[in-house]
Amino acid sequence: MRDDRLADIIAAHHNREGALLPILNDVQAAFGCVDEDTVRALAAALNLSRAEVHGVVSFYHDYKAKADPRPVLKLCRAEACQARGVEALVAEAERAAGERVHIETVYCLGLCAIGPAAMTNGQVHARLDGDRLATLIEAL
Ligand code: FES
């Protein structure tokens, strides 16, 4: 089943220039991770070395080596959001998340002037305070 799905993903992009990134995006979306077996299969299918595929996978933080079924809140902790107080919200966010929600640190969501900023389910949220952050986490 998984091998069939992987073959379908590869076939959908195989003839594209720069096929690796769209394939990795689809693999991450379909399986929740890009594991070592997948890296090996992609290298063989695209006539790349495992090191080349691994280099791309490890460069982008959105590709996970192991699937984590928990919902994710991406919290920006880059300089502008730090200047706007995100560090004071981290402990509160982690407390609200517990083990149920994964808090992932990211570095800039493009909302620097209206931070602190976070992303859930592809949607960005700005001007966060402790209450708004807890509400976001609870809604996941
Ligand atoms: S620094 Fe946080 S959105 Fe840019």
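Scroll up to find the structure.
Described below are features of the structure shown in this document. Since this is a predicted model, take the numbers as computed values, not measurements.

Another aspect to go through is unusual backbone geometry. Of the consecutive residues Gly115 and Pro116, the connecting peptide bond is found in the cis state with omega at -5°. Position of Pro116 among the secondary structure elements: in the loop between β2 (102-106) and β3 (118-120). Despite not being glycine, Asn47 shows a phi value in the positive range, around 60°. Position of Asn47 among the secondary structure elements: in the loop between α3 (36-46) and α4 (50-59). Residue Asn47 is classed as exposed on the basis of its relative accessible area, which comes to 70%. Phi is positive for Cys108, which is not a glycine, with a value near 90°. One can find Cys108 in the loop between β2 and β3. Among the residues examined, Cys108 registers a relative accessible area of 40% and is labelled partly exposed.

On a regular strand, each side chain points to the face opposite its neighbour's, so the side chains alternate between the two faces of the sheet. Judged by how many residues are buried, strand β1 (residues 72-76) sits mostly within the fold: 4 of 5 residues are covered. With 5 bridges connecting them, β1 and β2 associate as parallel partners. Paired with Val72 across the strands is His102, a residue of β2. Pairing analysis gives 3 bridges linking β1 to β3, with the strands arranged antiparallel. Looking across to β3, one finds that Leu75 is bridged to Ala118.

Positionally, Gln28 belongs in helix α2 (residues 20-31). The contacts of Gln28, once residues within four sequence positions are left out, are Cys33, Val34, Asp62, Tyr63 and Lys64.

The N-to-C vectors of α2 and α3 enclose an angle of 150°; their axes lie 12 Å apart at closest approach. Judged by the twist between their axes, the crossing of α2 over α3 is right-handed. The residues of α3 that touch α2, namely those facing Leu20, Ile23, Leu24 and Val27, are Thr38, Leu42 and Leu46. Partitioned by chemical class, the residues of the contact of α2 with α3 number 6 nonpolar, 1 polar and no charged.

As a further point, take the nonpolar core. Membership of the largest hydrophobic core comes to 21 residues, with the highest contact counts inside it found for Leu73, Leu75, Val101, Ile103, Leu128, Leu133 and Ile137. Counting residues per element, the ones that place at least two in this core are β1, α6 (87-97), β2 and α7 (130-139). Not counting residues within four places of it along the chain, the set of residues in contact with Leu133 comprises Leu73, Leu75, Leu89, Ala93 and Leu128. One finds Leu6, Ile10, Val34 and Leu42 within the second-largest nonpolar core, a separate group that totals 17 residues.

To characterise two packed helices, one gives the angle between the axes of the helices and the distance between these axes. Remark: α6 packs on α7, axes separated minimally by 9 Å, with the N-to-C direction vectors making an angle of 30°. Considering the angle they form, α6 stands roughly parallel to α7. Remark: the crossing between α6 and α7 carries right-handed chirality. In this structure, α6 contributes Leu89, Glu92, Ala93, Ala96 and Ala97 to the contact, and α7 contributes Gly130, Asp131, Leu133, Ala134 and Ile137. Grouping the constituent residues of the contact of α6 with α7 by class yields 7 nonpolar, 1 polar and 2 charged.

Rules and cut-offs
- Residues numbered from 1 in each chain as written.
- Predicted model: local features only at pLDDT ≥ 70, side-chain atom pairs only at ≥ 80, totals over all residues.
- Heavy atoms only, no water.
- Helix = DSSP H or I, 4+ residues; strand = E, 2+ residues; numbered from the N terminus.
- Buried < 20%, exposed > 50% of the residue type's maximum accessible area, 1.4 Å probe, protein only.
- Pairing = 2+ DSSP bridges.
- Contact = heavy atoms within 4.5 Å.
- Axes fitted to C-alpha atoms, helices over the stretch in contact; angles between N-to-C directions.
- Left-handed = near helix turned anticlockwise from the far one by under 90°.
- Nonpolar A, V, L, I, M, F, W, Y, C, P; charged D, E, K, R; others polar.
- Core = buried A, V, L, I, M, F, W, Y, C linked by side-chain atoms within 4.5 Å.
- Parallel < 35°, antiparallel > 145°, perpendicular 65-115°, else oblique.

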